[in-house]
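Chain by chain, the residues run as shown.
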Amino acid sequence: MTPATVPQIVPPSSAFWTKGTNAPPVSVGSMLLLTDGRILVHSEPNCSGCVGNYNHWYTLTPDINGSYVKGTWKQVASLPSGYDPLFFASAVLADGNVVVQGGEYNCPSGSCSGVWQSAGALYNSATNTWKATIPPATSNIGDAQSVVLPNKTWMLAECCAVYFGNSTFPVYYTFNEGTLSFTAKSNSTDGKNDDFDEEGWNLLPNGKVLTVDAYTTNTSLTGMNSETYNFGTNKWSTAGSTIVQLWDSNCMLGGGSFELGPAILRPGGTVFYTGASDCSAGHTSVYNSSTGIWTKGPDFPNADAANDAPAALEINGNVVVEASLFAGTFNPPANFYEWNGTNLNAFPAPPNAVNTPSFVGHLMVLPNGQIMYTDFSTDVEFLTSVGTFSPAWQPTITSVAATLTHGSKGNSISGTQFNGLSQANAYGDDFQDATNYPLVRITNNATGHVFYCKTHGHSTMGVATGAKIVSTKFDVASGIETGASKLVVIANGIPSASVAVTVN
């Protein structure tokens, strides 16, 4: 194989949003990046005049030139009958399958009731089928945080186990994909400080999981504790004070929403954590994953706060976050901000933000470096950011066959940083769409046409793996164009240097 030149991205004069050429046929919300380059999107008509069915899913497929803006929509398989969730846990697993579990609401025929259900399902994108999972016994999963750990295990919290009387301590599980069942990992001595509700989970470079306590079952109104989880020991430990309060307790008077804002791990190992509030501007804080030290960040401008809000990591290393006025908390308009490591600056917002509060937004980094935004409407927007990535952040390819056969499956590829430096996208307990896994893209030299190869069997789901050699498998589509081509591995929108391959 012969590495080609490092791909160059010409930065635009300023960041801007582009409306999708083809609108989805329904109102859309939660989305996940499939390992074949398509976007799996949930129908969520959660607004007046919205259309759709909470049982349905759609895919957005990029056009032949790799454009998601010009992509096409297609309805795919529906969830098992009776499972019509809103605000649930979700993940793309290391084998390329998708799992969703729980739901704060169930919405048959579009009529939503708060039930904190525990149902769930596993989606196989290759066969376009959903299979019902076996919910944990005596549980109310509801809107719950989840994360795929470095060892490829999906860990899921149960919302409010103490509050609902299902347990005397916070409860979390691991998922067994083979049996579609869950194993409880929690116990009374695992060290977790408070119930799982409103929190988010953030994967760190050392393999631990960071969370900030929302104090939903801890009566302290001034609590600022954070925690990390060690899967190897199955223990939670304090990660220190966040310096400023990031959860909403009505300015320490009680009666707040308990909400938190999203958090994003940036290149370099710092986590930018945003705060919620219903009585003042939301605070922010920065966690250094190398030193374990928190540093106070700037408050949101314009009296905004990030009560249930999305954030995403731009390929330039900055963080985009949506927020709304703390007064009214869950009412429009929404504003966008960008954290560059020093300042929290105003940022261009999609056109519909004037009509929406932050909690209806969803952000996700795409393989081409753009960021996709949905807000329960049919207006799907795509952000093109300013600037580009550092070469040090790129995946590198060390081994792949120089000749590939169309229709072949299980091709091996190895290299470094295949999972990127971050999960790249965050919201919290209502929605997860991490993209810390490799995609393989092949571009035909003669036509310039773009083809994604379904990846599966990743050797790790850890982030920021450095110089460690990691690997995955990929399937070459039978419809791919043959001939001389360029192959790249992409993680969180950042491509590797291309490698010359021939498709026959």
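Residues numbered from 1 in each chain as written. Predicted model: local features only at pLDDT ≥ 70, side-chain atom pairs only at ≥ 80, totals over all residues. Heavy atoms only, no water.

A short note on the environment of Asn444
Quick reminder of the rule: Numbering of helices and strands runs from the N terminus; a helix is a DSSP stretch of H or I covering at least four residues, while a strand is a stretch of E covering at least two. Under the scheme applied here, a residue whose accessible area is under 20% of the maximum for its type counts as buried, over 50% as exposed, and between as partly exposed, the area being computed with a 1.4 Å probe on protein chains only. Contacts are assigned to residue pairs with any non-hydrogen atoms lying within 4.5 Å of each other. The term polar contact refers here to a pair of N or O atoms within 3.5 Å; inside protein, the definition further demands a hydrogen-donor-capable atom paired with an acceptor-capable atom, and it admits residues adjacent in sequence only when both atoms are side-chain atoms.
In this fold, Asn444 is placed in strand S35 (residues 439-444). Assessed through its relative accessible area of 4%, Asn444 is described here as buried. Measuring from C-alpha to C-alpha, the distance between Asn444 and Val501 comes to 9.5 Å, with 57 residues separating the pair along the chain. Beyond its immediate stretch of four places on either side in the chain, Asn444 contacts His449, Glu481, Thr482, Gly483, Ala484 and Ser485. A distance of 3.0 Å separates a polar atom in the side chain of Asn444 from the backbone oxygen of Thr482.

With respect to the packing of aromatic side chains
Here is the rule we go by: For Phe, Tyr and Trp, rings pair up if their centres lie within 6.5 Å, where Trp contributes its six-membered ring, and each pair is then called stacked (planes under 30 degrees apart), edge-to-face (over 60) or tilted (otherwise). Note on geometry: a ring has a charge over it if NZ (lysine) or CZ (arginine) is within 6 Å of the ring centre and within 35 degrees of the ring normal.
The tally for this structure, following the rule as stated, stands at 30 aromatic pairs. The interplanar angle of 50° and the centroid separation of 6.0 Å between the aromatic rings of Tyr273 and Trp294 together place this pair among those described as tilted. Placement of the pair is Tyr273 in strand S20 (residues 270-274) and Trp294 in strand S22 (residues 293-296), with a sequence separation of 21 residues. Taking the relative accessible area as the measure of exposure, Tyr273 reaches 1% and is therefore buried. In this structure Trp294 comes out as buried when scored by relative accessible area, which is 7%. Among the aromatic residues, those joined into a ring-pair cluster are Tyr172, Phe196, Trp201, Tyr229, Phe231 and Trp236. The side chain of Lys192 reaches across the aromatic face of Trp236, ending 5.5 Å from its centre.

Let's talk about the confidence of the model for the protein
Definition in use: Note: pLDDT gives the predictor's confidence per residue, expressed from 0 to 100.
Averaged over every residue, the pLDDT of the protein is 95; the share at 70 or more is 97%. Contacts of residues 1-12 to residues separated by more than four positions or lying in other chains number 28 contacts, the stretch itself having pLDDT below 50.

Comments concerning the state of the cysteines
Quick reminder of the rule: Here, the term disulfide refers to a pair of cysteine sulfur atoms separated by no more than 2.5 Å.
Tallying each qualifying case throughout the model produces four disulfides. Between the sulfur atoms of Cys159 and its disulfide mate Cys160 the distance is 2.1 Å. Exposure remark for Cys159: the relative accessible area of 0% places this residue in the buried category. In the protein, numbering the disulfide-bonded cysteines from first to last in sequence yields the connectivity 1-2, 3-4, 5-6, 7-8.

Considering the sheet that holds S22
This is how the line gets drawn: For two strands to be treated as a pair, DSSP must find no fewer than two bridges joining them. Interaxial angle, 0 to 180 degrees, is taken between N-to-C directions of lines fitted to C-alpha atoms, where a helix line uses only the stretch in contact.
Read from one edge of the open sheet, four strands run S19-S20-S21-S22, paired in antiparallel fashion. The sheet terminates laterally at strand S19 (263-265) and S22, the two strands that pair on one side only. Strand-to-strand twist of the sheet, defined as the mean angle between neighbouring strand axes without regard to direction, takes the value 20°. Inspection of the sheet shows S19 paired to S20 by three bridges, in the antiparallel sense. Pairing of Leu265 across the sheet is with Val271, part of S20.

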